[in-house]
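Working through the structure, step by step
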Amino acid sequence: MAEEVKLFGTCGSPFSSRIQVALKLKGISYEYIEEDLTNKSPLLLKYNPIHKKIPVLLHNGKPIVESLVILEYIDETWKANPILPEDPYDRATARFWAKYIDEKCVAAAVKAFWAEEKEREKAVEEACECLKTLEGALKDKKFAGGETLGLVDIAASFIAFWLRSFQEISGVELLTEEKFPDLFKWCEEYVEHPIIKEHLPSRDELIVFVNKRRQNLK
Amino acid sequence: MAKSDVKLLGAWTSPFAMRPRIALNIKSVDYEFQEEDWLVSKSELLLKSNPVHKKVPVLIHAGNPICESLIIVQYIDEVWSSGPSILPSDPYDRATARFWSAYIDDKWFPSMVAFLFAQEEDAKKAAIAQMEEGLVPLEEAFGKCSKGKAFFGGDRIGFLDIAFGCFLGWLRVIEKAGGIELLNETQTPSPLKWAERFSSDIAVKELLPDTDKLAEFRKKAQAKMTANN
């Protein structure tokens, strides 16, 4: 059966990158379409009318949106190199941590980096609480898939790369080796994983992305 | 499976806690229910089982805690796989169900919370408008998901029915308090009819809280939270 797989993404976006990682992991060929977030294409708006966001996966003409939903769809459609474990309890655990990263950590970190001066202290505190929780989860072996990449590892690319890059760009320190030794070490190893490395933006690309996002948020 | 192997920590007032209970009913699973009186205090077991969020619902199965309502529902669907399916079988339909469930939780539910906590009339009106607007896409979603059948899940209640239907209790409280129809003939005729069918379903009927009792509870909760501030 001829498969047509397209991905609408944006260079520099952690959510876009995670889909590329999953597709690569599964050995799926796809056409990549770069979206300018300050000038969204009619196709993007057609395929994601509710959220108008990337990433959008198009499979044989049918759109799937929301990165965690897309990741599960990919795992269920293409069986090679499973992203989710087989055991239902392990699956529930993986889903829990992926959701935690997206709903709590990403939100808290973004606030900490880009918030107004007066809100920043509280945001930094919240972000550090998240990192503390992740450090604990790492110790309990709740994620860190080893050689294979799982759902949580893929979601956690935000922590390993984007969060650490934002620290350097903004000067706001969250994830240090002193405060979170295990998480720090995990991040260092993680960004060296060949498939992850291949889908990380360069510093310049990241800065362009950040500036456009901040433009959109105004 | 022995009843003591399956325990659910929940609260009769929580739409999220209702979700796994509906799922367990669909699968005909016997379970022990522990009511958490969260207005008063959270039990040791809850705090131990869900240290990250400290919230209901929590499913404890053979000693293992599972948290987050929709994650629990998926877990139930996967473990008790011989019972009726909750998620659709086709991956695209599953993605669609997951998408709309996330929409309800992330986009629509906050407007409900905004209304329930609004003090000023203007804030209340704005929240109502947001809630109404937020429900409109569900008309089309129902058409696409149900494919002409009675529920979002088809012939039987499924994942999205559970995800949305659990809010009907609170929806009715808000409709009564505001003198409005959030689900109505003009904008959401299909979900309106669906709501009746969902509420009468055998897996749901006894779990939906009585509107007046819930409104009473809301008054108590508001009073307590105002006192605490």
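As shown above, the structure is provided for reference.
Below or above, wherever it landed, is the structure these notes cover. Computed from a prediction, not measured in an experiment: that's the story for all the values here. (Residues numbered from 1 in each chain as written. Chains lettered and ligands numbered in written order. Predicted model: local features only at pLDDT ≥ 70, side-chain atom pairs only at ≥ 80, totals over all residues. Heavy atoms only, no water.)

Here we come to the packing of helix 8 (residues 168-178) of chain B against helix 10 (residues 211-228) of chain B. Residues and elements named next belong to chain B. For the pair helix 8 and helix 10, the least separation of the axes is 9 Å and the interaxial angle reads 80°. Classified by the angle between their axes, helix 8 and helix 10 sit roughly perpendicular to one another. Residues Gly 169, Trp 170, Arg 172, Val 173, Lys 176 and Ala 177 of helix 8 touch helix 10, and the partners they reach there are Thr 211, Asp 212, Leu 214, Ala 215, Phe 217 and Arg 218. The residue inventory of the contact of helix 8 with helix 10, partitioned by class, reads six nonpolar, two polar and four charged. (Axes fitted to C-alpha atoms, helices over the stretch in contact; angles between N-to-C directions. Helix = DSSP H or I, 4+ residues; strand = E, 2+ residues; numbered from the N terminus. Parallel < 35°, antiparallel > 145°, perpendicular 65-115°, else oblique. Contact = heavy atoms within 4.5 Å. Nonpolar A, V, L, I, M, F, W, Y, C, P; charged D, E, K, R; others polar.)

Attention shifts here to the interface of chain B and chain A. The interface of chain B with chain A comprises 23 residues on the first partner and 24 residues on the second. Carbon and sulfur atoms supply 68% of the area that chain B and chain A bury against each other, a total of about 2,100 Å² over both sides. The tally of links between chain B and chain A comes to six salt bridges. The salt bridge involving B:Arg98 is made with A:Glu76; its shortest N-O contact spans 3.1 Å. Applying the counting criterion to the chain B and chain A interface returns eight residue pairs in polar contact (both at pLDDT 80 or more). Counting residues per element, the side of chain B that touches chain A draws most heavily on helix 4 (residues 91-117) of chain B, at 10 residues. Across the side of chain B that touches chain A, the residue classes tally to 14 nonpolar, three polar and six charged. (Buried area = accessible area lost by both parts, 1.4 Å probe. Salt bridge = Lys/Arg side-chain N within 4 Å of Asp/Glu carboxyl O. Polar contact = N/O pair within 3.5 Å; in protein donor to acceptor, adjacent residues only side chain to side chain.)

A separate point is the nonpolar core. Counting residues in hydrophobic clusters, the biggest one holds 153 residues, and the most contacted among them are A:Leu57, A:Ile159, A:Leu174 and B:Met112. Apart from residues no more than four positions distant in its own chain, A:Leu57 is found in contact with A:Val5, A:Lys6, A:Leu7, A:Ile19, A:Leu23, A:Lys62, A:Pro63, A:Ile64, A:Ile70, A:Tyr73 and A:Ile74. (Core = buried A, V, L, I, M, F, W, Y, C linked by side-chain atoms within 4.5 Å. Buried < 20%, exposed > 50% of the residue type's maximum accessible area, 1.4 Å probe, protein only.)

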